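Coordinate inspection notes
Each chain, letter by letter, is given below.
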Amino acid sequence: MKTLIIIPSRLAATRLPGKPLLKIEGISIISHVFKRAESANIGEVIVATEDQEIIDDVKSNGGNAILTSKNHKTGTDRIHEAFKKLQRNDINFIMNIQGDEPEIDINDIKNLDDKMKANNSKIGTLAAEISSNEIYKNKNIVKVKVKKKLDRNLFPFAEDFIRITENKENIFHHLGIYSYETETLNKFISFDQSKNELKHSLEQLRALDNDININVGLANSSPIGVDTEEDYLAIKKIMEYKS
């Protein structure tokens, strides 16, 4: 079974415009993510973007990228267009990795791919243990409620995705990584955005609202996403220290 990784990326982020091209150790954030994804060695990696500047940057760093429409409402719509443009009939799973997590764990990428293939899942994602009570109240950190407590061996179904919760039972920090069976991706895209999805700005709720199960695996860690200038400076400092 073959997996294709597609990383959606665009310059017009609301909170930190231009963030994919911000540099850490002389390399853009999007190219750091590409290199991490490539290092997982589970399949070909493509960046899907509406911006020629991102394509130029990724290609200058040895990567591959494809130009997509500027009219997409979600990252999943963008990866679907890129997949259609590639006209690949040999792909079983498409993995969507967020373009703003340059420290994503390579073993987490491998783990999600392994679990998708072993379980013949429709959609899979990852979540991590919650390390602070503040996370439950932080609306910018998405949480997932699962049917069974996560461990390394389980791949249970998600019950719900939420932004703020007082309930802590079987609640985990959701990571922005998904793997889709190709037929399920086509099906997902065919649905209109659901009321829950629009209300909470969480596109994964579109799947649950249309009776598509999402399996959840336990991640090694919660990567820092770059949403603000403070996030960028923090992760830049960490990555430069490690090197």
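The structure displayed is predicted, hence computed values, not measured ones.

1. Regarding the pattern of salt bridges
Under the criterion given, the structure shown has 15 salt bridges. The closest approach of N and O atoms between Arg88 and Asp90, which form a salt bridge, is 2.9 Å. By relative accessible area, which is 24% here, Arg88 ends up partly exposed. Note that Lys242 is salt-bridged to Glu103, the shortest N-O span being 3.2 Å.

2. Quick look at the packing of aromatic side chains
This structure, assessed with the given rule, holds two aromatic pairs. Ring centres of Tyr180 and Phe188 lie 6.0 Å apart, and the angle between their planes is 55 degrees; this geometry places the pair in the tilted category. Note on Tyr180: relative accessible area 2%, which makes it buried. Judged by relative accessible area, which is 1%, Phe188 ranks as buried. Site record: aromatic cluster; members linked through ring pairs are Tyr178, Tyr180 and Phe188.

3. Let's talk about the environment of Ile91
Assignment of secondary structure puts Ile91 in the loop between helix 3 (75-86) and strand 6 (93-97). The sequence separation of Ile91 and Leu4 amounts to 87 residues, and the corresponding C-alpha distance is 6.6 Å.

4. What about the packing of helix 1 (residues 29-39) against helix 4 (residues 106-119)?
As a packed pair, helix 1 and helix 4 sit with axes 8 Å apart at the nearest point and diverge in direction by 55 degrees. By the angle class used here, helix 1 and helix 4 are oblique. Here the hand of the crossing between helix 1 and helix 4 comes out right-handed. Note on element contacts: helix 4 touches helix 1 through Ile106, Ile109 and Lys110, opposite Arg36, Ala37 and Ser39. Residue composition of the contact of helix 1 with helix 4, by class: three nonpolar, one polar and two charged.

5. Focus: unusual backbone geometry
Negative phi values dominate among residues other than glycine, just as trans dominates among peptide bonds. One non-glycine residue, Glu25, lies in positive phi territory at about 55 degrees. As for its placement among the helices and strands, Glu25 is situated in the loop between strand 2 (23-24) and strand 3 (27-28). The class of Glu25 is partly exposed, set by a relative accessible area of 39%. Phi at Ser201 is positive, roughly 55 degrees, even though this residue is not glycine. In this structure, Ser201 sits in the loop between helix 7 (195-200) and helix 8 (204-209).

6. Overview of the environment of Ala40
Structurally, the position occupied by Ala40 is in the loop between helix 1 and strand 4 (45-49). For Ala40, a relative accessible area of 3% corresponds to the buried category. Once the C-alpha coordinates of Ala40 and Leu21 are considered, the two residues, 19 residues apart in sequence, prove to be 22 Å apart. Once you skip the residues sitting within four places of it in the chain, Ala40 turns out to touch Ile106, Ile109 and Lys110.

7. What about the packing of helix 3 against helix 6 (residues 182-190)?
Interhelical geometry of helix 3 versus helix 6 gives an angle of 125 degrees and a closest axis separation of 10 Å. Here helix 6 runs oblique to helix 3, going by the angle between their axes. Helix-helix and strand crossings are classified by hand; for helix 3 and helix 6 the assignment is left-handed. Note on element contacts: helix 6 touches helix 3 through Thr182, Leu185, Asn186, Phe188 and Ile189, opposite Thr76, Asp77, Ile79, His80 and Phe83. A breakdown of the residues in the contact of helix 3 with helix 6 according to their chemical character gives five nonpolar, four polar and one charged.

8. Brief notes about the nonpolar core
Within the largest apolar cluster, 31 residues are counted, with the highest numbers of intra-cluster contacts made by Ile6 and Val144. Ile5, Phe93, Met95 and Ile104 belong to the second-largest nonpolar core, a separate cluster that totals 28 residues.

9. Let's talk about the side chain of Asp100
Relative to the helices and strands, Asp100 resides in the loop between strand 6 and helix 4. Those residues in contact with Asp100 that sit more than four places away from it in its chain are Lys19, Ile29, Val33, Ile224, Gly225, Val226 and Asp227.

10. Thoughts on the pairing of strand 1 (residues 3-9)
Where burial is concerned, most of strand 1 is hidden: seven out of the seven residues are buried. The side-chain alternation of strand 1 yields two buried faces, one formed by Thr3, Ile5, Ile7 and Ser9 and the other by Leu4, Ile6 and Pro8. Relative to strand 4, strand 1 is paired through five bridges, and the arrangement is parallel. Looking at strand 4, one finds that Pro8 is bridged to Ala48.

Each value, and the rule that gives it
Residues numbered from 1 in each chain as written. Predicted model: local features only at pLDDT ≥ 70, side-chain atom pairs only at ≥ 80, totals over all residues. Heavy atoms only, no water. Salt bridge = Lys/Arg side-chain N within 4 Å of Asp/Glu carboxyl O. Buried < 20%, exposed > 50% of the residue type's maximum accessible area, 1.4 Å probe, protein only. Phe/Tyr/Trp six-rings, centres within 6.5 Å; stacked < 30°, edge-to-face > 60°. Helix = DSSP H or I, 4+ residues; strand = E, 2+ residues; numbered from the N terminus. Axes fitted to C-alpha atoms, helices over the stretch in contact; angles between N-to-C directions. Parallel < 35°, antiparallel > 145°, perpendicular 65-115°, else oblique. Left-handed = near helix turned anticlockwise from the far one by under 90°. Contact = heavy atoms within 4.5 Å. Nonpolar A, V, L, I, M, F, W, Y, C, P; charged D, E, K, R; others polar. Core = buried A, V, L, I, M, F, W, Y, C linked by side-chain atoms within 4.5 Å. Pairing = 2+ DSSP bridges.

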